Amino acid sequence: MPRGRYSLHDPHDHTFLGEEHFHCATGPSGWRYVSQLTDPAGEHIGSVDLTLDDLGRPIRLELRAANWRIRGAALDGVTWVRSDPTGEQAQEGNAAAHSFTGASPAFLVATARLLRPAPGDRATRVRLVAFTPPVLAPRTLDQSWALSDSEAHDTDNGPLVVHHYQVSDLETGEQHAVHLTGDVVLAAPGIELEDLESPPSVFDKG
């Protein structure tokens, strides 16, 4: 079960935004990721709880940030409820999208798992609903993902395969690289892996 810590930064001016302390695990029916977020002063500011099925679809999502909470799942596209702590301002949403995304590294692993592009394949288009802290307001966006290459690195625990993805925002044309190994993000815009206590989980090839 990988357990570790990411540092989060503004992808444009590199301002330090805080840290995400996580653990995740694969299982016979999919993958689960749980994390707690802290601000630069170390104060708790939110959490992520995401479960995927074995096809990479989100069967349970719960996000907390500031005074907002999201609960969502893949249902008629994707469906979610955004609410305040009392539930008085609860609003349900639905979109013809494939999955969710947001600031957490978990969503990069989830999208890669959903698409599973192979080297040399044409870029795959995906529609996602994004929830961005601190207010977690939903926004639908389109991306394309392509697997640039994969590299095997020798470690004390055996070969570690690193996958390099090219991700494009189809609205703005902005492109960036995402580097994953198993269910851990090594680097992406605004995300750095600072600590990892155990090796990444290895997904099956299905």
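The text that follows walks through the structure, step by step, so that each part is easy to find. Given the structure is predicted, the values throughout are model-derived calculations rather than measurements. (Residues numbered from 1 in each chain as written. Predicted model: local features only at pLDDT ≥ 70, side-chain atom pairs only at ≥ 80, totals over all residues. Heavy atoms only, no water.)

1. Considering the nonpolar core
- Ranked by size, the top nonpolar core spans 45 residues in total, and within it W31 and F131 carry the most contacts.
- For this core, the leading source of residues is helix α1 (residues 106-115), giving 7 residues.
- Residues in contact with F131, not counting those within four places in the same chain, are L61, L63, I70, W80, F100, T101, G102, A103, L136, A137 and P138. (Core = buried A, V, L, I, M, F, W, Y, C linked by side-chain atoms within 4.5 Å. Buried < 20%, exposed > 50% of the residue type's maximum accessible area, 1.4 Å probe, protein only. Helix = DSSP H or I, 4+ residues; strand = E, 2+ residues; numbered from the N terminus. Contact = heavy atoms within 4.5 Å.)

2. Quick word on the environment of L61
- Summarising the element assignment, L61 is placed in strand β5 (residues 58-65).
- Each C-alpha atom, one on L61 and one on F100, is 8.7 Å from the other, the two residues being 39 residues apart in sequence.
- Residues in contact with L61, not counting those within four places in the same chain, are D49, L50, I70, R71, G72, F100, F107 and F131.

3. A look at the packing of aromatic side chains
- This structure, assessed with the given rule, holds 6 aromatic pairs.
- Seen in terms of ring centroids, Y6 and F22 are 4.6 Å apart; in terms of plane orientation they differ by 20°. Their pairing is stacked. Taken together, the residues Y6 in strand β1 (residues 3-9) and F22 in strand β2 (residues 16-27) connect sequence positions 16 residues apart.
- Relative accessible area serves as the criterion here: at 1%, Y6 is assigned to the buried category.
- Since its relative accessible area comes to 2%, F22 is described here as buried.
- An angle of 45° between the planes, with centres 5.8 Å apart, marks the rings of W31 and Y33 as tilted. The residues W31 and Y33 share a single accessibility class, namely buried.
- Three or more aromatic residues joined by ring pairs form one cluster here, namely Y6, F22, W31 and Y33.
- In this structure, R82 is placed above the aromatic ring of W68, and the distance from its NZ or CZ to the ring centre is 3.8 Å. (Phe/Tyr/Trp six-rings, centres within 6.5 Å; stacked < 30°, edge-to-face > 60°. Lys NZ or Arg CZ within 6 Å of the ring centre and 35° of its normal.)

4. A word on a negative patch on the surface
- Together, E192, E194, D195 and E197 give the surface a local cluster of negative charge.
- For E197, the location among the structural elements is in the segment after β15 (191-196). (Patch = residues over 30% accessible without salt bridge, like charges linked within 9 Å, V, L, I, M, F, W, Y side chains within 5 Å. Areas by Shrake-Rupley, 256 points an atom, 1.4 Å probe, with all protein chains shown as cover. Salt bridge = Lys/Arg side-chain N within 4 Å of Asp/Glu carboxyl O. Lys, Arg positive; Asp, Glu negative; His and termini not counted. Charge placed at Lys NZ, Arg CZ, Asp CG, Glu CD.)

5. Let's talk about the environment of S150
- One can find S150 in strand β11 (residues 137-155).
- Separated by 41 residues in the primary sequence, S150 and I191 have C-alpha atoms spaced 20 Å apart.
- Setting aside residues up to four positions removed in sequence, S150 forms contacts with V161, V162 and H163.
- Side-chain polar atoms of S150 contact the side chain of H163, separated by 2.7 Å. (Polar contact = N/O pair within 3.5 Å; in protein donor to acceptor, adjacent residues only side chain to side chain.)

By themselves, these are just geometric observations and shouldn't be taken as functional.
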